[in-house]
Amino acid sequence: KDLEEDDWQWLEALPLMLHLDLPKSPLPVVVVHAGLVPGVPMDQQKPYDLVHLRSIDAEGHGSKLFDAGAGAWAKNWQGPT
């Protein structure tokens, strides 16, 4: 089934990043669809990466493709800067 215009508008209105304050979590929780680029401050993450990022190469460049030669972005994530 194709999406209707109302469906697209609803999707486009959703936030790209959710910040959750979970009572039992010692740290803030951030939820994105795809990934975050390690070493890039949270407020400077690119929208494209938030919805497409799957892997990071040795130079820190992201890709929407999972590349076994690169690593999954989460393996390189040291936390927010």
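Residues numbered from 1 in each chain as written. Predicted model: local features only at pLDDT ≥ 70, side-chain atom pairs only at ≥ 80, totals over all residues. Heavy atoms only, no water.

K.L.:
Please clarify how the overall build of the protein should be interpreted in this entry.
P.N.:
Per the secondary structure count, the protein includes 3 helices and 5 strands. Taken against the 2.2 N^0.38 rule, which gives 12 Å for 81 residues, the C-alpha radius of gyration of the protein at 15 Å runs more than 25% over that of a compact globule. Seen along its three principal axes, the alpha-carbon backbone of the protein occupies a region of about 40 × 35 × 20 Å. A burial count over the protein gives 20% of its 81 residues as buried. Residue pairs at least 24 apart in sequence account for 24% of intrachain contacts in the protein once pairs closer than 6 positions are excluded. Each charge sign in the protein was given a centre, from 6 positive and 12 negative side chains, and these centres are 9 Å apart. (Helix = DSSP H or I, 4+ residues; strand = E, 2+ residues; numbered from the N terminus. Rg over C-alpha atoms; globule rule 2.2 N^0.38 Å. Buried < 20%, exposed > 50% of the residue type's maximum accessible area, 1.4 Å probe, protein only. Contact = heavy atoms within 4.5 Å. Lys, Arg positive; Asp, Glu negative; His and termini not counted. Charge placed at Lys NZ, Arg CZ, Asp CG, Glu CD.)

K.L.:
I would appreciate a short explanation of the environment of Met42 in the present structure.
P.N.:
Secondary-structure assignment places Met42 in the loop between strand E2 (29-31) and helix H2 (47-52). For Met42, a relative accessible area of 17% gives the class buried. Distance from Met42 to Gly79, taken between C-alpha atoms, is 9.6 Å for residues 37 residues apart in sequence.

K.L.:
Which parts of the structure should I look at to understand the side chain of Gln45?
P.N.:
You can see Gln45 is positioned in the loop between E2 and H2. Under the relative-accessibility criterion, Gln45 is labelled buried at 8%. Looking at Gln45, its side chain comes within polar contact range of the main-chain nitrogen of Val37, at 2.8 Å. In terms of polar contacts, Gln45 uses its side chain to reach the backbone carbonyl oxygen of Val40, at 2.8 Å. The contact partners of Gln45, leaving out residues within four places of it in the chain, are Met17, Leu36, Val37, Val40, Leu50 and Trp77. (Polar contact = N/O pair within 3.5 Å; in protein donor to acceptor, adjacent residues only side chain to side chain.)

K.L.:
Explanation requested: the nonpolar core in the structure shown.
P.N.:
Most often, soluble globular proteins have nonpolar side chains that are buried together. The biggest cluster of nonpolar side chains holds 9 residues, and these are Met17, Val32, Leu36, Val37, Met42, Leu50, Leu53, Ile56 and Trp73. The residues contacting Leu53, other than those within four sequence positions of it, are Ala34, Gly35, Leu36, Val37, Tyr48, Gly62, Ser63 and Trp73. (Core = buried A, V, L, I, M, F, W, Y, C linked by side-chain atoms within 4.5 Å.)

K.L.:
Would you take a moment to explain a negative patch on the surface for this structure?
P.N.:
Among the surface-exposed residues, Asp2, Glu4, Glu5, Asp6 and Glu12 lie close enough to one another that they form a single negatively charged patch. As for its placement among the helices and strands, Asp6 is situated in helix H1 (residues 5-13). (Patch = residues over 30% accessible without salt bridge, like charges linked within 9 Å, V, L, I, M, F, W, Y side chains within 5 Å. Areas by Shrake-Rupley, 256 points an atom, 1.4 Å probe, with all protein chains shown as cover. Salt bridge = Lys/Arg side-chain N within 4 Å of Asp/Glu carboxyl O.)

K.L.:
I keep staring at a nonpolar patch on the surface and nothing clicks. Help me out?
P.N.:
Taken together, the side chains of Leu3, Trp8, Trp10, Leu11 and Leu14 define a hydrophobic patch exposed on the protein surface, amounting to about 520 Å² of accessible area. Here Trp10 lies in helix H1. Under the relative-accessibility criterion, Trp10 is labelled exposed at 57%.

Nothing here speaks to function; it is all geometry.
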